[in-house]
Amino acid sequence: MCVPVTDGPVTLLVVDDEESIRNSLRKFLVQQGYEVATAAGGEEALTILQRQRITGMLLDVNMPGISGVELVPRIMELEPTIALLMLTAVNDATSAALCMQRGALDYLLKPIDLGHLGRAIHHALQRRHTFLEGQQINQWLKDEVAARVAERRLEQANQERISVATLEALVNALEAKDPYLRGHSARVADLSAMVAAQLGSPDEQIEAVRTGGRLHDIGKIGIREEILNKQGPLTPAEYEHVKQHVTVGSQILAPLVHLKDVIGFVRSHHERWDGTGYPDRLAGEAIPLGARIIGAVEIYDALTTARPYQERMTPEAAVERMRELSGTVIDPAVHHALQASVAQKQALVFLDDARV
Ligand SMILES: [Fe+2]
């Protein structure tokens, strides 16, 4: 793998209060092929650093005004990757060492041996290059890991969608056999989502309720067909068998960990507000809200769809009839929201009709 370090031209800044030193260093460095800027003091050096991109710097330790030692941290703040070399007199090695602690890469003793200077600059630039390369590799690795994680998440979301879609297809196939049940789960899903929204649920919860609505009766796959399709009243034993669809449904969905809330809705959609429902005899708010909504909407859908044993009711009549169940079978708040949602739906139907 090759990670190019984009560096551009190498510009060195020579900072020394003695003009003769600045000039001779500039001359030598230009001969070596570098672009060179010079500054006579610390303030000027900082101004240049703010204005142009400097790759490396030769900095005199001992200058009037801001000293080299004070300057180093300010330089490193402006240009953290700069290759910084200190120029120092023989008797000031301590200051030079301090500068290196603060980020300088090397120091050269005055008078400067130009051959040594050439090698020191080359070496410092090399170290800077290696450092930048390391930084770029780190960044590349971070980007790569982030991209893989995003890819994996997308893949997982797709798989989750596919698994739900497969289960929905199964429910549709189950309902298609029975003309009275056809479309039941899809209708329950849409109206339940409206009720959840009416109750102020966040978007994620609304979608979980919608999925719960679509899958709430999936457990009927495990119920014997002759009982499922029986036209007359069920015997107590048959009723017990039908009741199992809530536990069978939650068991079918159990491996789909992303459907955790939905599984609760499926299991509890036949619980009753007064605690006399099944399978866990939960009461009141111990029943997950999504299950309370789906349970109420399921009753509404049964009342408003023609069944062999009953005429279909109008939406308004069904909501009115369900008022009798509010506080016993149905959560009163859910009944209230259902009433508002049905009214809203009816208004939309009216608008659509008017448009036709
Ligand atoms: Fe059910």
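Check the entry above for the structure.
Computed from a prediction, not measured in an experiment: that's the story for all the values here. (Residues numbered from 1 in each chain as written. Predicted model: local features only at pLDDT ≥ 70, side-chain atom pairs only at ≥ 80, totals over all residues. Heavy atoms only, no water.)

J.: Can you help me understand the coordination of the iron ion in this one?
T.: Octahedral six-donor coordination of a metal ideally yields angles of 90 or 180 degrees, compared with 109.5 degrees for tetrahedral four-donor coordination. Looking at the iron ion, the protein donor atoms are Asp 217 (OD), His 245 (NE2), His 269 (NE2) and His 270 (NE2), and they sit 2.2 to 2.4 Å from it. Classification of the site at the iron ion rests on its four donor atoms, whose angles at the metal span 84 to 173°, yielding the label irregular. Counting the intervening residues between successive donors of the iron ion yields the motif D-x27-H-x23-H-H. Of this pair, His 245 sits in helix 10 (residues 245–253) while His 270 sits in the loop between helix 11 (260–268) and helix 12 (289–304), and the two are 25 residues apart along the sequence. (Donors = N, O, S within 2.8 Å, 3.2 Å for Na, K, Ca; no water. Tetrahedral: all angles 85-135°; square planar, octahedral: opposite > 155°, others 65-115°. Helix = DSSP H or I, 4+ residues; strand = E, 2+ residues; numbered from the N terminus.)

J.: Mind showing me how you'd approach unusual backbone geometry here?
T.: Peptide bonds are mostly trans, and most non-glycine residues show a negative phi. Residues Lys 110 and Pro 111 are joined by a peptide bond in cis, for which omega reads -5°. Mapping Pro 111 onto the fold places it in the loop between strand 5 (106–109) and helix 5 (114–176). That bond from Tyr 278 to Pro 279 is cis: its omega, 10°, falls within 30 degrees of zero. Tracing the chain through its elements places Pro 279 in the loop between helix 11 and helix 12.

J.: Would you mind showing me how to read the nonpolar core here?
T.: Nonpolar side chains tend toward joint burial in soluble globular proteins. In this structure, Leu 253, Leu 259, Tyr 300 and Leu 338 are the most contacted members of the largest nonpolar core, which totals 36 residues. Sorting the residues of this core by element identifies helix 5, helix 6 (184–198), helix 7 (203–215), helix 11, helix 12, helix 13 (315–323) and helix 14 (332–355) as the ones contributing at least two each. Take this core: its biggest share by element is six residues, from helix 12. Excluding its chain neighbours within four sequence positions, the residues that come into contact with Tyr 300 are Leu 191, Pro 315, Ala 318, Val 319, Met 322, Leu 338 and Val 342. With 24 residues, the next largest nonpolar core counts Ala 45, Ile 48, Met 86 and Ala 104 among its residues. (Core = buried A, V, L, I, M, F, W, Y, C linked by side-chain atoms within 4.5 Å. Buried < 20%, exposed > 50% of the residue type's maximum accessible area, 1.4 Å probe, protein only. Contact = heavy atoms within 4.5 Å.)

J.: Looking at this structure, how should I read the side chain of Ser 268?
T.: Tracing the chain through its elements places Ser 268 in helix 11. A relative accessible area of 5% places Ser 268 in the buried class. Sequence-distant contacts of Ser 268, defined by excluding residues within four places in its chain, comprise Leu 282, Ile 287, Pro 288 and Ala 291.

J.: Got a minute to help me understand the environment of Ala 157 in this structure?
T.: In this fold, Ala 157 is placed in helix 5. On the basis of relative accessibility, which here comes to 26%, the residue Ala 157 falls in the partly exposed class. In this structure, the C-alpha to C-alpha distance between Ala 157 and His 258, residues 101 residues apart in sequence, is 9.3 Å.

J.: I tried to follow the sheet that holds strand 2 (residues 35–39) on my own but got confused; where do I start?
T.: The strands that make up a sheet pair up through hydrogen bonds in the backbone, lying either parallel or antiparallel. Spatially, five strands are ordered 2-1-3-4-5 in an open sheet, and the strand pairing comes out parallel. The open sheet has two edge strands with one neighbour each: strand 2 and strand 5. With direction set aside, neighbouring strand axes in the sheet form an average angle of 20°. Here five bridges tie strand 3 (residues 56–60) to strand 4 (residues 83–88), and the two strands are oriented parallel to one another. (Pairing = 2+ DSSP bridges. Axes fitted to C-alpha atoms, helices over the stretch in contact; angles between N-to-C directions.)

J.: Help me out: how do you make sense of the layout of surface pockets in this one?
T.: The gaps of empty space that remain are located by a probe, the size of a water molecule, rolled over the atoms. As a volume, the largest pocket reaches approximately 1,300 Å³. Considering the residues around the largest pocket, the lining is formed by 44 residues, among which Lys 220, His 270, Ala 302, Arg 307 and Tyr 309 are closest to the centre. Elements supplying a minimum of two residues to the lining of the largest pocket: helix 8 (225–228), helix 9 (236–243) and helix 12. No other element matches the eight residues that helix 12 contributes to the lining of the largest pocket. Among the residues forming the lining of the largest pocket, the class breakdown is 22 nonpolar, eleven polar and eleven charged. (1 Å grid on protein atoms, 1.4 Å probe; cavity = no way out; pocket = protein on both sides within 12 Å on 5 of 7 lines; lining within 4 Å. Points joined across faces, edges and corners; volume = space filled by probe spheres on them. Nonpolar A, V, L, I, M, F, W, Y, C, P; charged D, E, K, R; others polar.)

J.: What should I look at first to understand the pattern of salt bridges in this one?
T.: A side chain with one charge can pair with a side chain of the opposite charge if their charged atoms come near. On inspection of all chains with the given rule, the structure shows 17 salt bridges. For Glu 79, the salt bridge identified is with Arg 53, shortest N-O distance 3.4 Å. Separated by 26 residues along the polypeptide, Glu 79 in the loop between helix 3 (68–78) and strand 4 and Arg 53 in the loop between helix 2 (42–51) and strand 3 bring together distant segments of the chain. Note on Glu 79: relative accessible area 11%, which makes it buried. With a closest N to O distance of 3.2 Å, Arg 148 and Glu 144 form a salt bridge. Taken together, the positions of Arg 148 and Glu 144, both in helix 5 and four residues apart, correspond to about one turn of that helix. Residue classification places Glu 144 among the partly exposed positions, given a relative accessible area of 28%. A network of salt bridges, in which partner residues are shared, links Asp 16, Asp 60 and Lys 110. (Salt bridge = Lys/Arg side-chain N within 4 Å of Asp/Glu carboxyl O.)

J.: What is the right way to read helix 2 from this model?
T.: Think of an α-helix as 3.6 residues a turn; residues three or four steps apart then line up on the same face. When helix 2 is considered as a whole, its buried residues turn out to be Gly 42, Ala 45, Leu 46, Ile 48 and Leu 49. Along helix 2, the residues classed as buried sweep out an arc of 160° about the axis, all on the same side. Every exposed residue of helix 2 that faces more than 90 degrees away from the buried side is listed here: Glu 43, Gln 50 and Arg 51. (Arc of directions from axis to C-beta.)

J.: I would appreciate a short explanation of helix 6 in the present structure.
T.: Look at helix 6: 21 Å from first C-alpha to last across 15 residues, which is about the 21 Å you get at 1.5 Å a residue. For helix 6, every residue scored as buried is listed here: His 184, Ser 185, Val 188, Ala 189, Leu 191, Ser 192, Ala 193, Val 195 and Ala 196. Just past helix 6, the residue Gly 200 takes up positive phi, approximately 80°. (Expected span 1.5 Å × (residues − 1).)

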